[in-house]
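What the coordinates show
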Amino acid sequence: ANFYRASLMILFAGVFDMLDGRVARMTGRGSEFGIQLDSLVDIISFGIAPSILLYAWGIHSLGTVGLVGAFVFALCGAFRLARFNCTADGTKHAHSEGLTITMAGATVAAVVMAHASSGRTMVEHPWNVWMLSMILGLLMVSRVPYRSAQSLRLSRGRMMVLALACGVVLAIAVKYRFPTAFISVLGAYVLSGPLEAIIRRRRVELLPDEDLIDGEDEPVEERISRH
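Along each chain, residue indices are assigned from 1 in the same order as the chain's sequence is written. Per-residue local features are limited, in this predicted model, to residues with pLDDT of at least 70; the limit for side-chain atom pairs, both in listing and counting, is 80 or more; totals at the level of whole chains, interfaces and linings are taken over all residues. Excluded from the side-chain calculation are hydrogens and water; included are all heavy atoms of the structure.

**Overview of the overall build of the protein**
Quick note on the threshold: Secondary structure elements are taken from DSSP: a helix is a run of H or I of four residues or more, a strand is a run of E of two residues or more, and numbering for both begins at the N terminus. For each residue, the accessible area found with a 1.4 Å probe, counting protein chains only, is set against the maximum for its type, and the residue is called buried under 20%, exposed over 50%, and partly exposed in between. Values of accessible area rely on a 1.4 Å probe in the Shrake-Rupley scheme; residue burial ignores everything except the protein chains shown.
Assigned secondary structure in the protein consists of nine helices and two strands. Listing every helix and strand of the protein by position from the N terminus yields α-α-α-β-α-α-β-α-α-α-α. Split into buried and exposed, the 227 residues of the protein put 37% on the buried side. Looking at the protein as shown, the accessible area adds up to about 13,500 Å², and 66% of this sits on carbon and sulfur atoms.

Okay, structure coming up:
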């Protein structure tokens, strides 16, 4: 029960994370201090908390190796946020570089919640959990492009409605326990980045040689968009 509630709090933090930045921009209250504070909150809510949850729930039986797996997750999350803060220029991009720490932490929470809601108290395959923490960590520090909310071309109002809808879905899930739905949605998003990167690379390889020569100084995305 404690693992279920802990996972739930991380998911609720994700909903509020979707709302706070947009509320600040809509009200004109955004500031550099707020950006740094938001990153600090993110590393605690989606980096440290999920790593502790991973260790206590599924990989503590591995001893030092399990501790390393949890540490790597939190460390990669910190690097992900630091890289974002260093490269952020205020411009909204359709893709983010690497899996966001918010989605990585929410994925951990969804997995733990599904396991806890099934009535099982012990993790039968802790190495699978360890691999999950490593994969999510590596995806956070990778160059794999993930679609951001800006790629959906939603207005601020619609984005607020979407965030509130996510909150409603989460509230319904609390009552009727639909953790599998969260795993399906979050798992699909986690896989979407590598799959889209593979498809993009394949499309670039299929471009005619003359197009590659003519557009060798262009970004890959621009060369693809012209075809």
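Having put the structure on the table, let's press on.
**Overview of the packing of aromatic side chains**
The criterion, for reference: Geometry of aromatic contacts follows a simple scheme: Phe, Tyr and Trp rings, the Trp one being its six-membered ring, pair when their centres are within 6.5 Å, and the pair is stacked under 30 degrees between planes, edge-to-face over 60, tilted otherwise.
Taken as a whole, this structure holds two aromatic pairs when the rule is applied. With 5.6 Å between their ring centres and 70° between their planes, Trp 127 and Trp 130 make a pair best called edge-to-face. With Trp 127 and Trp 130 both in helix 5 (residues 126-141) and three residues apart, this pair spans about one turn of that helix. By relative accessible area, Trp 127 is classed as partly exposed at 47%. Each ring, one from Tyr 146 and one from Tyr 189, has its centre 5.3 Å from the other, and the planes form 35°; the classification is tilted. Highlighted residues: Tyr 146 in strand 2 (residues 145-147) and Tyr 189 in helix 7 (residues 179-206), separated in sequence by 43 residues.

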